[in-house]
Amino acid sequence: MAKEKKSINLTEYNISFFVQKSTFKVLRFHPAKMTVDVAVYENETKTETKTLPFAHLPKEIKKRIKPN
């Protein structure tokens, strides 16, 4: 059986991006599923935690995470 890649904690890098009125802060990257856990902030208050596909991130954020 193939080894499953472990998730990578990205909280120490403080990677964040803005979409409309919300700020998304990247928390964790799951290379096996190619997904990212993000915390959603509105008006500097945390509203929820979401899982987004890696492909939906902005190009600048993808370059900083480097999934390889």
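Heads up: these notes are all about the structure in this document. In this text, all values refer to a predicted model and were calculated from it rather than measured experimentally.

Looking only at helices and strands, the protein chain features one helix and five strands. Starting at the N terminus, the α and β elements of the protein chain follow one another as β-β-β-β-β-α. Summarising its shape, the C-alpha atoms of the protein chain cover approximately 45 × 20 × 20 Å along the three principal directions. Between the centroid of the 14 positive side chains of the protein chain and the centroid of its 7 negative side chains there is a distance of 8 Å.

As a further point, take the environment of Ala39. Looking at the element boundaries, Ala39 is found in strand S4 (residues 35-42). For Ala39, a relative accessible area of 1% puts it in the buried group. The spacing of Ala39 and Leu27 is twelve residues in sequence and 6.9 Å in space, taken between C-alpha atoms. When sequence neighbours within four positions are dropped, the list of residues in contact with Ala39 reads Thr23, Phe24, Lys25, Leu27, Lys46, Glu48 and Thr49.

The next thing to look at is the nonpolar core. Judged by nonpolar contacts, the single largest core of 14 residues is most densely connected at Phe17, Val26, Val36, Leu57, Ile61 and Ile65. If you list the elements that add at least two residues to this core, you get strand S3 (22-30), S4 and helix H1 (59-65). Those residues within four positions of Leu57 in sequence are excluded, and the remaining contacts are Phe17, Val36, Lys62 and Ile65.

Calculation rules
- Residues numbered from 1 in each chain as written.
- Predicted model: local features only at pLDDT ≥ 70, side-chain atom pairs only at ≥ 80, totals over all residues.
- Heavy atoms only, no water.
- Helix = DSSP H or I, 4+ residues; strand = E, 2+ residues; numbered from the N terminus.
- Lys, Arg positive; Asp, Glu negative; His and termini not counted.
- Charge placed at Lys NZ, Arg CZ, Asp CG, Glu CD.
- Buried < 20%, exposed > 50% of the residue type's maximum accessible area, 1.4 Å probe, protein only.
- Contact = heavy atoms within 4.5 Å.
- Core = buried A, V, L, I, M, F, W, Y, C linked by side-chain atoms within 4.5 Å.

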